[in-house]
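Okay, here's what each chain looks like letter by letter:
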Amino acid sequence: MVFEGFPFIVGWELTLVCNLRCGHCASSAGLPRPNELSLEEALNICEQFPSLLVQEVDFTGGEPLVRRDWPQIAARLRELGIPVRMVTNGVLLEESVPALVETGVATVAVSLDGLEATHDHIRRRSGLFKHITRGIEVALAAGVPMAVITAVNNRNVNDLPGLLRVIRELGVKHWQVQPTFPLGRAREGEELGLSDACFLELGEFIRARVAACEEDGIRMQPADGVGYFTSLDMRETPWRGCSAGIASCGITSDGKIKGCLSHPDNLLEGDLRQRDLWDIWFDKDAFAYNRRFSVADLGEFCEGCEFGEQCKGGCGVMSYAATGHFHNDPYCFHGICARSPRVEG
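A few points on the structure.

**A short note on the overall build of the protein chain**
For the protein chain, the count of helices and strands is twelve helices and ten strands. Computed over its C-alpha atoms, the radius of gyration of the protein chain comes to 19 Å, within 12% of the 20 Å expected for a compact globule of 345 residues. For the protein chain, the spread of C-alpha atoms along the principal axes amounts to about 55 × 50 × 40 Å. Counting only residues that meet the buried cut, the protein chain has 54% of its 345 residues in that class. Surface exposure of the protein chain reaches about 15000 Å², of which carbon and sulfur atoms provide 50%. Between the centroid of the 33 positive side chains of the protein chain and the centroid of its 47 negative side chains there is a distance of 2 Å.

Given below as structure tokens:
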């Protein structure tokens, strides 16, 4: 069967270089990948997006602002009519504001992983929280659309109410909350793990505050890994399965293609130095874990679930990170409540 979808959203790891060594970094970022893409190669990749109907490109890393030619890549995408969004740790945010304004980046999402003491501990740099919040204030004053992303775990879940107050005070209008993936450095200890109780607490926090956030003009958005199928699932539309290889894909800093940038590096679909993105995307064997899904693929946490055919086993990254298999996400409100009832679905 010929696949007929398109990669409407592309995540692009501009570099694996990072100016932090955060304790929960799923990609263990720090040093560059060998032979990262040149500016010329990156601009050539940009030219491949329009024919694939790409609607959004999300710059990530590592730390994307470390790559000094990012404005040229963003500018070319803007010329092509493709919005650019960026995820940054915020270290270079304040000094990058002029370039962010000039290139018209659609949204800059900054990581805040708790209140000051917690954030600086997880990010392993004293004074970072104050530095980042100052950068957010400067960016907002310059008209840069800002968002906050928080990766929730056992260490910081109790900081969420206080962090919401900080977000209100800063004037940020978009907050994405997501579970911490057990990948990279997050696997090195239990401190930044995610228990079932913590996951349910995250869901209860979102349910209790999403309406008040809307009244304040703050959009609290649960990420794909937050759910599914109980009264705690506050996403706007019902979960319909992971979009990796269906409506989105990721590009690594050395030109490799993944269904999602958060997938481990052993899950590659092709190399843009050898084939165009069109050929990789429409390869009959590409992204088989999602494109050829059947309920028979559901793992032990999901088999027999009444929502299995629709859900497809939850977030692919969390499923693979936690169990080594796709379609087997153990962090599911419906599944956790069925195994150990705490809230009614």
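**Concerning the sheet that holds strand 8 (residues 248-251)**
An order of 7-6-5-4-3-2-1-8-9-10 is seen for the ten strands of this open sheet, with the pairing classed as mixed. One side of each edge strand has no neighbouring strand; the edge strands of this open sheet are strand 7 (219-222) and strand 10 (270-271).

**Quick word on the side chain of aspartate 233**
Of note, aspartate 233 is situated in the loop between strand 7 and strand 8. At a separation of 2.9 Å, a polar atom in the side chain of aspartate 233 contacts the side chain of arginine 235. Sequence-distant contacts of aspartate 233, defined by excluding residues within four places in its chain, comprise Val226, Tyr228 and Phe333.

**Side note on the packing of helix 3 (residues 93-103) against helix 5 (residues 128-141)**
Direction vectors running N to C along helix 3 and helix 5 enclose 20°, while the axes themselves pass 8 Å from each other. Overall, the two elements helix 3 and helix 5 adopt an arrangement that is roughly parallel. Where helix 3 crosses over helix 5, the two elements pack in a sense that is right-handed. Residues Leu93, Glu94 and Val97 of helix 3 form the contact with helix 5, whose participating residues are Arg134, Gly135, Ile136, Val138 and Ala139.

**Examining the nonpolar core**
Most often, soluble globular proteins keep nonpolar side chains buried together rather than apart. Counting 97 residues, the largest nonpolar core has Trp12, Phe49, Phe59, Ile136 and Trp175 as its most contacted members. Once you skip the residues sitting within four places of it in the chain, isoleucine 136 turns out to touch Leu93, Val110, Leu112, Met146, Val148, Leu170 and Val172.

**Concerning unusual backbone geometry**
The omega angle of the peptide bond from glycine 61 to glycine 62 is 15°, so this bond is cis rather than trans. With respect to the helices, strands and loops of the structure, glycine 62 is situated in the loop between strand 2 (56-60) and helix 2 (70-79). Of note, the amide linkage connecting glycine 227 to tyrosine 228 takes the cis form, showing an omega dihedral of 20°. Relative to the helices and strands, tyrosine 228 resides in the loop between strand 7 and strand 8. In this structure, serine 28 takes a positive phi of about 50° despite not being glycine. Assignment of secondary structure puts serine 28 in the loop between strand 1 (9-13) and helix 1 (39-47). What makes serine 28 partly exposed here is its relative accessible area of 36%.

**Overview of the packing of aromatic side chains**
Given two aromatic rings, their pairing is described by the distance between the two centres and the angle made by the two planes. Tallied over the full model, the rule gives 14 aromatic pairs. Lying over the aromatic face of tryptophan 281, arginine 291 brings its terminal NZ or CZ to 4.7 Å of the ring centre.

**A closer look at helix 1**
Within helix 1, the full set of buried residues consists of Ala42, Ile45 and Cys46. Along the long axis of helix 1, the arc covered by the buried residues comes to 105°, so they all point the same way. Those residues of helix 1 hidden inside the fold are in contact with strand 1, helix 2 and strand 8.

**With respect to the side chain of serine 111**
Along the chain, the position of serine 111 falls in strand 4 (residues 107-111). At 3.3 Å, the side chain of serine 111 forms a polar contact with the side chain of arginine 123.

**Observations concerning a nonpolar patch on the surface**
A contiguous nonpolar patch, built from Phe8, Ile9 and Leu53 and spanning about 240 Å² of accessible area, is present on the exposed surface. Turning to its location among the elements, isoleucine 9 is positioned in strand 1.

**Structural notes on helix 2**
Regarding helix 2, the residues found buried are Trp70, Ile73, Ala74 and Leu77. Projected down its long axis, helix 2 shows its buried positions confined to an angular sector of 95°, all on one face. In this structure, the buried side of helix 2 is in contact with strand 1, helix 1, strand 2, strand 3 (84-88) and helix 3.

**Considerations on the pairing of strand 3**
Alternating positions in strand 3 separate cleanly, Val84, Met86 and Thr88 being buried on one face and Arg85 and Val87 remaining unburied on the opposite face. When strand 2 meets strand 3, the two strands line up parallel, connected through three bridges. Directly across from phenylalanine 59, in strand 3, lies its bridge partner methionine 86. Of the pairings in the sheet, the one linking strand 3 to strand 4 comprises four bridges and is parallel in character. Directly across from arginine 85, in strand 4, lies its bridge partner threonine 107. The parallel pair strand 3 and strand 4 is bridged by helix 3, and the resulting crossover is right-handed.

The rules behind the values
- Residues numbered from 1 in each chain as written.
- Predicted model: local features only at pLDDT ≥ 70, side-chain atom pairs only at ≥ 80, totals over all residues.
- Heavy atoms only, no water.
- Helix = DSSP H or I, 4+ residues; strand = E, 2+ residues; numbered from the N terminus.
- Rg over C-alpha atoms; globule rule 2.2 N^0.38 Å.
- Buried < 20%, exposed > 50% of the residue type's maximum accessible area, 1.4 Å probe, protein only.
- Areas by Shrake-Rupley, 256 points an atom, 1.4 Å probe, with all protein chains shown as cover.
- Lys, Arg positive; Asp, Glu negative; His and termini not counted.
- Charge placed at Lys NZ, Arg CZ, Asp CG, Glu CD.
- Pairing = 2+ DSSP bridges.
- Polar contact = N/O pair within 3.5 Å; in protein donor to acceptor, adjacent residues only side chain to side chain.
- Contact = heavy atoms within 4.5 Å.
- Axes fitted to C-alpha atoms, helices over the stretch in contact; angles between N-to-C directions.
- Parallel < 35°, antiparallel > 145°, perpendicular 65-115°, else oblique.
- Left-handed = near helix turned anticlockwise from the far one by under 90°.
- Core = buried A, V, L, I, M, F, W, Y, C linked by side-chain atoms within 4.5 Å.
- Phe/Tyr/Trp six-rings, centres within 6.5 Å; stacked < 30°, edge-to-face > 60°.
- Lys NZ or Arg CZ within 6 Å of the ring centre and 35° of its normal.
- Arc of directions from axis to C-beta.
- Patch = residues over 30% accessible without salt bridge, like charges linked within 9 Å, V, L, I, M, F, W, Y side chains within 5 Å.
- Salt bridge = Lys/Arg side-chain N within 4 Å of Asp/Glu carboxyl O.
- Right-handed = clockwise from strand over helix to strand, strands pointing away.

Geometry only, nothing functional implied.
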